[in-house]
There are 2 protein chains.
Amino acid sequence: MSDIVPAKNPPMLQVADAQAIVRQYVRPLPPEPMPLTSAALGHVLAADVVSDLDMPPYHKAMMDGYAVRCADLPSGKGTLRVIEEIPAGQVPRRTVEAGQASRIMTGAPIPPGADAVILIERTRLSENGCVEIEDRPPKPGQNILPQGAEMKCGDTVLPTGTVLRPQEFGVLATVGRTTVLAHPSPRVAILSTGDELVEPDQRPQGGQIRNSNGALLVALVSRAGGTPRYLGIARDDPACLRPMICDGLKAPVLLLSGGVSAGKLDLVPSMLREAGVVAHFHKVEMKPGKPVFFGTYPRPGGGGEPALVFGLPGNPVSVLACFELFVRPVLRRLRGHADPGPHYISAVLTEDFAYRTDRPTYHPAHLEWTPAGWRVRPVPWIGSADLRALTQANALVLFPPGDHRHRAGQVFETLSLE
Amino acid sequence: MSDIVPAKNPPMLQVADAQAIVRQYVRPLPPEPMPLTSAALGHVLAADVVSDLDMPPYHKAMMDGYAVRCADLPSGKGTLRVIEEIPAGQVPRRTVEAGQASRIMTGAPIPPGADAVILIERTRLSENGCVEIEDRPPKPGQNILPQGAEMKCGDTVLPTGTVLRPQEFGVLATVGRTTVLAHPSPRVAILSTGDELVEPDQRPQGGQIRNSNGALLVALVSRAGGTPRYLGIARDDPACLRPMICDGLKAPVLLLSGGVSAGKLDLVPSMLREAGVVAHFHKVEMKPGKPVFFGTYPRPGGGGEPALVFGLPGNPVSVLACFELFVRPVLRRLRGHADPGPHYISAVLTEDFAYRTDRPTYHPAHLEWTPAGWRVRPVPWIGSADLRALTQANALVLFPPGDHRHRAGQVFETLSLE
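To keep things clear, this report deals only with the structure shown in the data block. (Residues numbered from 1 in each chain as written. Chains lettered and ligands numbered in written order. Predicted model: local features only at pLDDT ≥ 70, side-chain atom pairs only at ≥ 80, totals over all residues. Heavy atoms only, no water.)

**A word on the interface of chain B and chain A**
Listed per partner, the contact involves 84 residues of chain B and 84 residues of chain A. Across the interface of chain B and chain A, roughly 6,400 Å² is buried in total on both sides, 59% from carbon and sulfur atoms. Linking chain B to chain A there are eight salt bridges. Across the pair aspartate 155 of chain A and arginine 388 of chain B runs a salt bridge, and its minimum N-O distance is 3.0 Å. Those elements that place two or more of their residues in the side of chain B that touches chain A are strand E11 (156-158), helix H2 (166-174), strand E15 (209-210) and helix H3 (213-223) of chain B. No other element matches the eight residues that H2 of chain B contributes to the side of chain B that touches chain A. (Contact = heavy atoms within 4.5 Å. Buried area = accessible area lost by both parts, 1.4 Å probe. Salt bridge = Lys/Arg side-chain N within 4 Å of Asp/Glu carboxyl O. Helix = DSSP H or I, 4+ residues; strand = E, 2+ residues; numbered from the N terminus.)

Encoded structure:
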């Protein structure tokens, strides 16, 4: 048909295809021994954890009361001679024989001969060293947790790939593990570029702005489980950029912001190539963030995994969108997560929203769970420099290219920023 | 009716009522200056942040191209003399007059006289210092972000109560704030009690088990934004407990585990009272966790807020349930969060589940978001000592007391543990 105009340029790379390219180059970092401190929270085990004992290590009283023989209490009522008191942490010294009982505390080992525990509330200690019991007829095993019921010696209690949460900390302590083998936090070098930038503690002069991308990336990297190292601001000058890029390439991941779009001074891709970085893509069909660059830097001599290098655009909303779509999944994979994301949530638009865009657009939005399901509302936004809009947002909602009047009730894929 | 038996004891405190009691005693910690490092992530602002400048600080080019006067290009086509090149970070020196244009980079200030930016892709630089333009007729303001469009000097850009996320870090950097006033992380002292306990690096002997609650609580406190200080294991002996409790009461929050149920050796509540702790409740209608104790310790001399003291039961699943229901909201409130939770999610049971219990029960469960809504599946669980069950869980599902055959498709309130 005559109104189909051939594209001037080859079709641009789609987000999903760009993500697939990145994935090819990412392997989990080599595991390291890690002590079981708060810093290990959220890390991924690189080896199975096996129990070195039964838990409980003995038949254990689950309540305070009396360890008895069920055969002595066919009706639930009776008077038994108390032969011993067994606090938690002590080993019973005596066997419970017919007509006898031992006072027992929660957590203590059941004495030989006994097969049930009667709750303390159902008993009365008499003066003569006997206990009077008035309860329903006991069943064997009542209020007793059998040895090994939670775990047996030799059980794999936490398999490789387990993410360490508080409950896993408790299980590790139970089986005596104070150090684990886990994938470490990736070190991430952060380099801001641009002659117009000054550090946040400076007062911008004519034509200058403060560098917000440094602080933004430090926080994004930290939240995603990386260890950020901020290298500072590089001027748009090869002599300044070159040594800072070299420094940044020592880390497993290097993030640059600025200097990747088509302008005359956009030096970053060429300087990266000069430094030995192999470019895999430069431009993705998305808004904001189109000029995003990805490359890898093979280690000289071939030792170790290549560094992963992202050239992010200079505007902060572009930085955030590219980080969430490309970098956060990389950091999760380096940390050993099997499923690095990102995950989209289908959410219902809360209000009509007319929107025109030439590319798939990740628009700042407020995402909320309601009893009726997920709801998303775009927040006012004036473009990729408008970071303030993101302070009203907790998500990015994906709008398709075109001139649309989206309707309340329509469903859109949404990326949570939490 | 004759089968109604009067309760032996007064009705037990319900979870919601116990939470309301705790809330009465919690105020946000006094704010402190906090540098804008990764450690500030998740903290809550205690003062408004006001911008010290307009953003952008000048009319700013949003694209690379040429700054022009629309009046010169009524048809969108024309040839203009290039009078200057304005990189980002530099101040234009010349006014654009009729028939003139200035080459301009993304982020640079628009020169006086110009009222639009033509994209570089729509232009061709000719040999004689002129630029040939072929575009649609430009509109005034095209590709220009006006001064102050994102924020104006004096605007409150982040109000009191804002939670610091990466985007807030970027905004703070933009307005030159490298330190903020925020509520600090509460220090939380953690004390495990019980003669049966040995530290995780020890081999348990007869009647002993390793202390899992210390590691569990350190991790729970860290994840909830507190700063844990593990005090160690106290024997069930006043001479051992007394000084450790005194030490723990120096912190804003003291968590003990063990020693709160009805047994003879359950010393914790009495030792706390002896130390000056005022008891507010001891026992809540819940499973696991019924014997939970809460008290406050007025500071000697009346200076400062009282310490908040929780006596948690000794079994680790009870510890986790009580922490999520009572302690995590306290830590959030101390950190200045307006809405400390906990929040329940209504989720659909995935399978039939027969369950008998005498109290509202928080059962370990797997909670999952699906396109059809939230789904919850109870995981196998043998009771309050069975921490291993929680490694299969990411939530607690609340089952009512009674002997029930719950059906797949029924909706239950669920507490996420993420």
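Read on, since the account is not over.
**Details of the relation of the copies chain B and chain A**
Mapping chain B onto chain A calls for a screw motion: a turn of 180° about the axis and a shift of 0.0 Å along it, with 0.1 Å RMSD after fitting. The operation mapping one copy onto its partner corresponds to a two-fold rotation axis. Closest approach to the rotation axis among the C-alpha atoms of chain B is made by glycine 373 of chain B, whose C-alpha sits 3.5 Å away. (Least-squares fit on C-alpha atoms with pLDDT ≥ 70 in both.)

**Re the packing of helix H1 (residues 15-23) of chain B against helix H6 (residues 316-334) of chain B**
Residue and element names in this part refer to chain B. In contact at an axis separation of 10 Å, H1 and H6 are set at 25° when each is read in the N-to-C sense. Classed by the angle they form, the pair H1 and H6 counts as roughly parallel. Seen along the crossing, H1 lies across H6 with a hand that is right-handed. Here Val15, Ala18, Gln19 and Val22 of H1 come into contact with H6, specifically with Leu325, Phe326 and Val330. A per-class count over the contact of H1 with H6 returns six nonpolar, one polar and no charged. (Axes fitted to C-alpha atoms, helices over the stretch in contact; angles between N-to-C directions. Parallel < 35°, antiparallel > 145°, perpendicular 65-115°, else oblique. Left-handed = near helix turned anticlockwise from the far one by under 90°. Nonpolar A, V, L, I, M, F, W, Y, C, P; charged D, E, K, R; others polar.)

**Some remarks on the nonpolar core**
Core analysis: the largest hydrophobic core is formed by 167 residues, its most contacted members being Phe326 of chain A together with Phe326 of chain B. If sequence neighbours within four positions are ignored, phenylalanine 326 of chain A has contacts with Val15, Ala18, Gln19, Val22, Phe281, Val284, Met286, Val292 and Phe310 of chain A. (Core = buried A, V, L, I, M, F, W, Y, C linked by side-chain atoms within 4.5 Å. Buried < 20%, exposed > 50% of the residue type's maximum accessible area, 1.4 Å probe, protein only.)

**Brief notes about the sheet that holds strand E21 (residues 344-349) of chain B**
Residues and elements named next belong to chain B. The mixed closed barrel is built from five strands, whose spatial order is E21-E24-E23-E25-E27. Pairwise comparison of adjacent strand axes, ignoring direction, gives a mean angle of 50° for this sheet. Judged from the three bridges that link them, strand E25 (residues 395-399) and strand E27 (residues 411-416) form a sheet pairing that is antiparallel. Residue pairing across strands places valine 397 opposite threonine 414, the latter belonging to E27. Set on the sheet, H6 makes contact with E21, strand E23 (361-370), E25 and E27; between it and E27 the angle comes to about 80°. (Pairing = 2+ DSSP bridges.)

**Examining the packing of helix H4 (residues 238-248) of chain B against helix H5 (residues 268-275) of chain B**
Residues and elements named next belong to chain B. At a minimum axis separation of 10 Å, H4 and H5 run at an interaxial angle of 55°. With respect to H5, the axis of H4 lies oblique. Crossing geometry of H4 relative to H5 is assigned as right-handed. When H4 is examined against H5, the residues Pro238, Leu241, Arg242 and Ile245 are found in contact with a partner set consisting of Val268, Met271, Leu272, Glu274 and Ala275. Split by residue class, the contact of H4 with H5 holds seven nonpolar, no polar and two charged.

**Let's talk about the side chain of arginine 299 of chain B**
Residue and element names in this part refer to chain B. Here arginine 299 lies in the loop between strand E19 (293-297) and strand E20 (307-312). Of the side chains with opposite charge, glutamate 305 lies nearest to the buried arginine 299, which makes no salt bridge, at 8.7 Å. For arginine 299, the contacting residues outside a window of four places in its chain are Leu249, Lys250, Ala251, Pro252, Gly304, Glu305, Pro306 and Ala307. (Lys, Arg positive; Asp, Glu negative; His and termini not counted.)

**Comments concerning the pattern of salt bridges**
This model, assessed by the stated rule, comprises 34 salt bridges over all chains. Note that glutamate 418 of chain B and arginine 165 of chain A form a salt bridge whose closest N and O atoms lie 3.6 Å from each other. Of this pair, glutamate 418 of chain B sits in the segment after E27 while arginine 165 of chain A sits in the loop between strand E11 (156-158) and helix H2 (166-174), which puts the two residues in different chains.

**Details of the environment of lysine 60 of chain B**
Relative to the helices and strands, lysine 60 of chain B is located in strand E3 (residues 60-61). C-alpha of lysine 60 of chain B to C-alpha of proline 342 of chain B: the two residues are 282 residues apart in sequence and 45 Å apart in space. Ignoring any residue separated from it by four or fewer positions in sequence, one finds lysine 60 of chain B in contact with Asn315 and Ala385 of chain A together with Gly107, Ala108, Ile110, Asn143, Ile144, Leu145 and Glu150 of chain B.

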